[in-house]
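Observations on chain architecture
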Amino acid sequence: MLHYTVVFLVIALIAALLGFGGIAAGAAGIAKILFLVFLLMAAVSFVAGLLRKR
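Residues numbered from 1 in each chain as written. Predicted model: local features only at pLDDT ≥ 70, side-chain atom pairs only at ≥ 80, totals over all residues. Heavy atoms only, no water.

1. Looking at the overall build of the protein chain
Summing up its helical and strand segments, the protein chain has 2 helices and 0 strands in all. The C-alpha radius of gyration computed for the protein chain amounts to 15 Å, which surpasses the reference 10 Å derived for 54 residues by more than 25%, pointing to a less compact arrangement than a globule. Expressed along its principal axes, the backbone C-alpha trace of the protein chain runs to roughly 55 × 15 × 10 Å. In the protein chain, buried positions account for 13% of the 54 residues. In the structure as shown, the protein chain presents an accessible area of about 4300 Å², 79% of it carried by carbon and sulfur atoms. (Helix = DSSP H or I, 4+ residues; strand = E, 2+ residues; numbered from the N terminus. Rg over C-alpha atoms; globule rule 2.2 N^0.38 Å. Buried < 20%, exposed > 50% of the residue type's maximum accessible area, 1.4 Å probe, protein only. Areas by Shrake-Rupley, 256 points an atom, 1.4 Å probe, with all protein chains shown as cover.)

Structure representation (structure tokens):
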């Protein structure tokens, strides 16, 4: 999941450098969403691991 976030971030940076604002904004938006999903899944996994050890 984090890999795809970095890929879309790189796509957004390259598109922004080349002047494609719409594509850059779309790719940056997707990268933000994927990063938030990654953080949510990491937090749930961490809490589940703590609860399992009890």
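There's more to say after this.
2. Quick word on the side chain of Thr5
On the secondary structure map, Thr5 appears in helix α1 (residues 2-18). Judged by its relative accessible area of 8%, Thr5 falls in the buried class.

3. As for helix α2 (residues 21-53)
A rise of 1.5 Å per residue sets the reference length of α2, with its 33 residues, at 48 Å; its end C-alpha atoms lie 48 Å apart and thus fit the reference within 8%. Burial in α2 covers these residues: Ala24, Ala27, Ala31 and Leu34. (Expected span 1.5 Å × (residues − 1).)

4. Here we look at the environment of Leu2
Its place among the elements puts Leu2 in helix α1. Between the C-alpha atom of Leu2 and that of Leu40, which follows or precedes it by 38 residues, the distance is 12 Å. With near-sequence residues (within four places) excluded, Leu2 lies in contact with Phe35 and Phe38. (Contact = heavy atoms within 4.5 Å.)

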